[in-house]
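# Topology and contacts: notes
Chain by chain, the residues run as shown.
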Amino acid sequence: MAFGLNLGVSLPVWASDRWLLIGGCAASIAVSAAVIKSYLSLRAPRGYRKVKWQPPPPDAEDMTRYAYKAARLPKDPIDYIIIGSGMGGLWLAAALSKCGYRVVVLEQHYIAGGCCHVFTDKGATFDTGIHYIGDKQLADSLMRLVGDAEHPVPWQQMGRENEDTRARDGTGKGLYDIIKFGEQEIRLRAGKEAFVSEMTRHMRPQLVSDWLETVHRAAKSNGMVAISKAFSPIVQWFWLLLLGGDGLKWARKTTRQVVQELGGDLREEGILAGQCLDFGEAPNTASFTVQANITRHYLHGAYFPVGGPLRFVETLISTIHKAGNRVFVRAKVDKILVNKGVAEGVELSGGDVLRSRRGVISSVGLSATLGHLLSREEVDRYMASEAKLVKDVGEGISNVIGFGPTEGQGLDVLVSKYGNTLLDADRDAWCLISFPSAKDPKYAARHPGISTCEIIMEAAPEMFEQLNEALGGADTTRRTAAYKDVKRQLEDKFKRSLTRHFPSLQDKIVSIEVSTPLSMHHFLKRFSTYGLRHTCERAASPVPRVATGIRNLYLSGQDLVGCGWMAAVFSGMIVATHLLGYTPWDLISGRDFLHDLAKVPSPPPLAQLQKEAAEKHKDADGKGLEGSQMGA
Ligand SMILES: Cc1cc2nc3c(=O)[nH]c(=O)nc-3n(C[C@H](O)[C@H](O)[C@H](O)COP(=O)(O)OP(=O)(O)OC[C@H]3O[C@@H](n4cnc5c(N)ncnc54)[C@H](O)[C@@H]3O)c2cc1C
C-alpha cells in the first residue's frame, strides 16, 4: 500500500513508503517521550502515600513548645522517630510528613529548633544560632518545599544603607561582613563584582580571580561527595570514583595549601579566608572544601529570616502537625533501643518507651549520638568507623557567647581577629560581633527601644575542663563561685570588645548574659558550636553516612555533610533520599527527591481543615444518632 505524501514534490512509491516508516517511528518516539515526560512531571516521590491532612492538635497553641505526654502520641504506629528538633531533624520530619509517614520528633529542650531556638531575657528576645544565611534562592525554595505556606518565612537582605555605611562605602547596600584582620578592614557586599572590587583593594587582581575560580570548582564538586552519604559503602565508593570528580581532591587540601598554590601569602590568606570564623577552623587546618562552600554561599549576599529563626521552626512544625505527626519538647531521649543489631525505638528520660516500625533517626550530632544514646559496646560493635572519626577529628571549636541588649541601634556585623587569649584578663581575644535585632525589620515592633548584640569568642574546651569537673559534669545545675567568676571575667571582656569597636555603645549596655561551652552542652548536648571539626580528614571521610552499622538507625543533622543551617537542611534531604529508596540510577537519570516532592500536595489552610473536621464530626454524630434510633 502506498500513500502519497503532499511534500510539494512527487516521490516514487518505494520512497514514500520509507518516509512513512520514518515518520511513523518519529511520531511514536515523540508520543512516547511526551507520555514519559508527563508521567515524570506527575510522579510523586518514591514510597509516597496519600496524606490525610488534619487540624493541628488543639492544645498546641505554641507549636514550638508542645511538651511530651504519652496521651499526645499519634494513635497509629509510628514509622520514624527523629531525635533532635534542629533544622536537620525538622526538615526531614516535614518532608516525611508530606510523603505520608507517621513521624514523631523528640526534643529534650523546652523549645524546639536546636540552634534556631530563641530565648527571652530581661525583656529582649535573643536568636542563638543564626547570624545570616546565604544562597537565598535555594534556602527559600527548600523552606517552601516542605514548610506550611500559612506560616511563610520572608527574608531580609543584610546591609541596608544608612549614614554610617554611606560615609564608609558610598553605599552600604548588601554589606554582610566586615572583617578586621590586623590593620586591614574588609567590607564584603553582595555580588561577585563587589567581592572582586573589595578584594582587589587588598591584593593582586589575578589572585582574586584565581581564588574565585578555585572556590567555584571546589564548591561545585562537593555536591557529589555530599549526596554519596545516602548510599551504602560500596555504592558510595563507585559513585565517588565515577562521579566524584575533584570533590575529594579539594577536600584533602587545606585552605593554606590552596592559597599558597595560587601564590598568596599569609596576609592575603587571612583576608581571603576571613570568613573561616563562620565554621571555626583556621586556614592551616581547614579543608578547602568547607572554606569554598562558605565563600560561595555568601557571595551573592546574606539574608536573615524576618521575625527571627524561629519562623523556620514554625513553618516546618505546622506541616508536621497538619499531617497528624508530632514534635514534642521536654522529651529527652536517654537511649536508642537496639536489639540484635536493629534499632527498635527509644527510651525517654522519664522511662517511657517509644517504638518505631521503620527506624530511628538521630539528629543530635555524631558525638552526642555515640556518647549519650548508645552503649559503649554498641558503638564498638556497630559504629566503630564513626567513633574513629570522632576520635581522630575531634569536636569543633567551642565558643563563649555573650548576649546583651543595648539601647539604640547597632551596625550589622563586625568581626575582629586577635589571639586566642580568652581567659587572659589583660588581653583581647578574637571575636565575632553581630546585632540580630538590626537584621530583623520586625524586631523593633516586638521590642521597642531595645537592640540585641551577640559576641562570640573562641574557647578551647580544655579551658572549661577543670570547671566541668569541679561542677560534677556539664549537665549539673550546680554553679560554683569559680564558674561565676569566669563568667564575670568574660562579661568584662565582652563589654571591652564591644565598646572598643562601637564606642557609642559605652553607656547603652543594659545587661550581658554569658553562655559558656558548659551552657552549650546543657542545651545541645555537645561542647562545640559548629559540630565536628572541619579538617581535611573530616571532609574527605566517607563516614558518617545516613545508614549506620545498626539496622534502622540513621543519622541526620549538620555533622552528616558539613556545617551550618544549609548543611543541616541538606542532611534532611539526603536522609529522605535514602529512606525513600532513591537509587544512584534515579539521580543520574534526573529523578531526585526534591523535584518529586515539589509535585505532592502541600498542607491545606487551617480554616479548610477545621471545616472538614467539623463536617466529618457532624456526619459521624448523625450516623451515630441514626444507628441508635435504628437499634432502638
Ligand atoms: C552561635 C551560633 C551561630 C551560628 N551562626 C550561623 C549562621 O550565621 N549561619 C548558619 O548557616 N549557621 C549558623 N550556625 C550553625 C547552625 O545553626 C547549625 O549548623 C544548625 O542549625 C544545626 O542544625 P542541626 O539540626 O544539625 O542540629 P542542632 O540545631 O544542634 O539540633 C540538635 C538538637 O538535638 C537536641 N538533642 C540533643 N540531645 C538530645 C536528646 N538526648 N534527646 C532529645 N533531643 C536532643 C538538642 O537539644 C538540639 O535541639 C550557628 C550556630 C551557633 C551555635
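Predicted model, so just to flag it, every value in this text is computed and none were measured. Each chain has its residues counted from 1, following the order in which its sequence is written. pLDDT decides what is reported in this predicted model: residues at 70 or higher carry local features, side-chain atom pairs at 80 or more are listed and counted, and totals for whole chains, interfaces and linings draw on all residues regardless. In computing side-chain values, all of the structure's heavy atoms are included and hydrogens and water are not.

Runs of H or I in DSSP of at least four residues are treated as helices and runs of E of at least two as strands, each being numbered from the N terminus. From N to C terminus, the chain includes 25 helices and 19 strands. Burial status follows relative accessibility: with a 1.4 Å probe on protein chains alone, a residue under 20% of its type maximum counts as buried, one over 50% as exposed, and anything between as partly exposed. Per-residue burial over the chain gives 55% buried out of 632 residues. At a minimum sequence separation of 6, the contacts of the chain that also span at least 24 residues come to 73%. Surface summary for the chain: the accessible area is close to 28300 Å², and the carbon and sulfur share equals 55%. It only takes one pair of heavy atoms within 4.5 Å for two residues to be counted as in contact. Surface exposure here means Shrake-Rupley accessible area, sampled with a 1.4 Å probe, where a residue is shielded only by the protein chains that are shown.

If you check the shell around the ligand, you find 37 residues, and the closest are E107, Q108, G129, H131 and Q558. V333 places a polar main-chain atom, nitrogen or oxygen, 3.0 Å from a nitrogen atom of the ligand. Counting of polar contacts relies on pairs of N or O atoms within 3.5 Å, with two restrictions inside protein: one atom must be capable of donating a hydrogen and the other of accepting it, and residues adjacent in sequence are counted only when both atoms are side-chain atoms. Note that an oxygen atom of the ligand is positioned 2.9 Å from one of the side-chain N or O atoms of R526. Summarising the interface, the protein chains cover 96% of the accessible area of the ligand, which totals 1000 Å² for the free molecule. A molecule or strand has a residue near it when one of that residue's heavy atoms lies within 4 Å.

Those places that UniProt annotates as "transmembrane region" (unreviewed entry) correspond, in this numbering, to residues 20–40 and 78–96. This span, residues 78–96, is 53% helix and 21% strand, and a straight line between its end C-alpha atoms measures 12 Å. UniProt positions are given in the numbering used here, feature names are shortened, and annotations may be inferred rather than shown by experiment.

Before going further, it helps to spend a moment on the packing of aromatic side chains. Stacked, tilted and edge-to-face pairs are distinguished by plane angle, under 30 degrees for stacked and over 60 for edge-to-face with tilted covering the rest, among Phe, Tyr and Trp rings (Trp via its six-membered ring) whose centres lie within 6.5 Å. Enumeration according to the criterion identifies 15 aromatic pairs in this entry. Taken together, a centroid distance of 5.7 Å and an interplanar angle of 20° make the contact between Y66 and F328 stacked. Residue Y66 is found in the loop between α1 (13–42) and β1 (80–83), and its partner F328 is found in strand β9 (residues 326–328); the two are separated by 262 residues along the sequence. Arranged with centres 5.1 Å apart and planes meeting at 85°, the rings of F435 and F502 form a pair that is edge-to-face. Here F502 lies in the loop between α19 (481–501) and β18 (513–515) and F435 lies in the loop between β16 (431–434) and α16 (436–439), a separation of 67 residues in the sequence. Accessibility classification places F435 together with F502 in one group, the buried group.

Looking at the element boundaries, H131 is found in the loop between β4 (124–127) and α3 (136–146). Residue H131 is classed as buried on the basis of its relative accessible area, which comes to 13%. Only 3.1 Å separates the side chain of H131 from the side chain of S434, close enough to count as a polar contact. Non-local contacts of H131, meaning those with residues more than four positions away in its chain, are made with M158, F304, L432, S434, K439, E454 and I456.

P544 follows V543 through a cis peptide bond whose omega is 0°. Within the secondary structure layout, P544 lies in the loop between α21 (536–539) and β19 (553–555). A positive phi is found at D135, a non-glycine position, where the angle reads about 45°. On the basis of relative accessible area, D135 is assigned to the partly exposed category, the value being 35%. With phi around 50°, K340 is a residue other than glycine that occupies positive phi space. With respect to the helices and strands, K340 occurs in the loop between β10 (333–339) and β11 (342–348). On the basis of relative accessible area, K340 is assigned to the exposed category, the value being 78%.

Once that is clear, we can look at the packing of helix α13 (residues 366–373) against helix α15 (residues 384–393). A pair of packed helices can be characterised by two numbers: the angle between their axes and the separation between those axes. To get an axis, a line is fitted to the C-alpha atoms, and for a helix only the part in contact is used. The angle between two axes follows their N-to-C directions and goes from 0 to 180 degrees. In contact at an axis separation of 10 Å, α13 and α15 are set at 115° when each is read in the N-to-C sense. Read as a crossing pair, α13 and α15 show a hand that is left-handed. Listed contacts from α15 to L366, S367 and L370 of α13 are E386, A387, L389 and V390. Looking at the contact of α13 with α15 residue by residue, the class counts come to 5 nonpolar, 1 polar and 1 charged. Here a crossing is taken to be left-handed if its near helix is turned anticlockwise relative to the far helix by less than a right angle, and right-handed if that turn runs clockwise. Nonpolar residues are Ala, Val, Leu, Ile, Met, Phe, Trp, Tyr, Cys and Pro. Charged residues are Asp, Glu, Lys and Arg, and all others, Gly as well, are polar.

Our next topic: the state of the cysteines. Pairs of cysteine sulfur atoms within 2.5 Å are what we label disulfides. Going through the model one piece at a time under the given rule, you end up with 0 disulfides. As a non-bridged cysteine, C115 has C116 as the owner of its nearest cysteine sulfur, 6.9 Å distant.

Attention now goes to the sheet that holds β9. Paired strands, in this sense, are two strands between which DSSP finds at least two bridges. Ordered by their spatial adjacency, 5 strands build an open sheet running β9-β2-β1-β13-β19, and the pairing between neighbours is parallel. Every interior strand has two partners, whereas the edge strands, β9 and β19, have only one. For this sheet, the mean inter-axis angle between neighbouring strands, taken without regard to orientation, is 20°. The sheet contact formed by strand β2 (residues 103–106) and β9 spans 3 bridges and is parallel. Bridging from a neighbouring strand, V105 pairs with V327 of β9.

The next thing to look at is the sheet that holds strand β12 (residues 353–355). What the 3 strands build is an open sheet, ordered β10-β11-β12; its pairing is antiparallel. On the outer flanks of this sheet lie β10 and β12, each paired with one strand and no other. The sheet shows a mean angle of 30° between the axes of neighbouring strands, taken without regard to direction. Here β11 pairs with β12 via 3 bridges, running antiparallel. Bridging across to β12, G345 finds its partner in R355.

Moving on, we come to the nonpolar core. Within the largest apolar cluster, 67 residues are counted, with the highest numbers of intra-cluster contacts made by M87, L90, W91, F312, W565, F593 and L597. No other element matches the 9 residues that helix α22 (residues 565–579) contributes to this core. Residue ranges assigned to the domains are those given by an automatic or database domain assignment. Split by domain, the residues of this core number at least three in each of domain 2 (63–155 + 309–394 + 530–597) and domain 3 (159–301). In this structure M87 touches C116, M143, F312, V313, L316, W565, A568 and V569, once residues within four positions along its chain are discounted. Within this scheme, the nonpolar core is defined by two criteria: the residues are buried Ala, Val, Leu, Ile, Met, Phe, Trp, Tyr or Cys, and they are joined through side-chain atoms within 4.5 Å. Listed in part, the 38 residues of the second largest apolar core include V258, C276, L299 and Y530.

Once that is clear, we can look at the pattern of salt bridges. Just to be clear on terms, a salt bridge is a Lys or Arg side-chain nitrogen sitting within 4 Å of an Asp or Glu carboxyl oxygen. A full pass over the atoms with the stated rule returns 26 salt bridges. In this structure, the salt-bridge partner of D140 is R144, at a minimum N-O distance of 2.8 Å. Taken together, the positions of D140 and R144, both in helix α3 and 4 residues apart, correspond to about one turn of that helix. Overall, the relative accessible area of 14% leaves D140 in the buried class.

Our focus in this paragraph is the side chain of T535. When you line up the elements, T535 lands in the loop between α20 (517–524) and α21. The residues touching T535, leaving out its near neighbours within four places in the chain, are E281, T285, S287 and V393.

Bringing α19 into the picture now. Each residue after the first adds 1.5 Å to the expected span of a helix. Taking 1.5 Å per residue, 21 residues should reach 30 Å; α19 reaches 31 Å between its end C-alpha atoms and fits that length. If you check which residues of α19 are buried, you get Y483, V486, L490, K493, F494, S497, L498, T499 and H501.

Patch building starts from residues that exceed 30% relative accessible area and form no salt bridge, then joins like charges within 9 Å and nonpolar side chains (Val, Leu, Ile, Met, Phe, Trp, Tyr) within 5 Å. A contiguous nonpolar surface patch, about 1000 Å² in accessible area, is contributed by M224, I234, W237, F238, L241, L242, L243, W585 and I588. Those elements giving two or more residues to the nonpolar patch turn out to be α7 (233–243) and α23 (584–588). The element that contributes the greatest number of residues to the nonpolar patch is α7, accounting for 6 residues. Inspection of the secondary structure puts L243 in helix α7.

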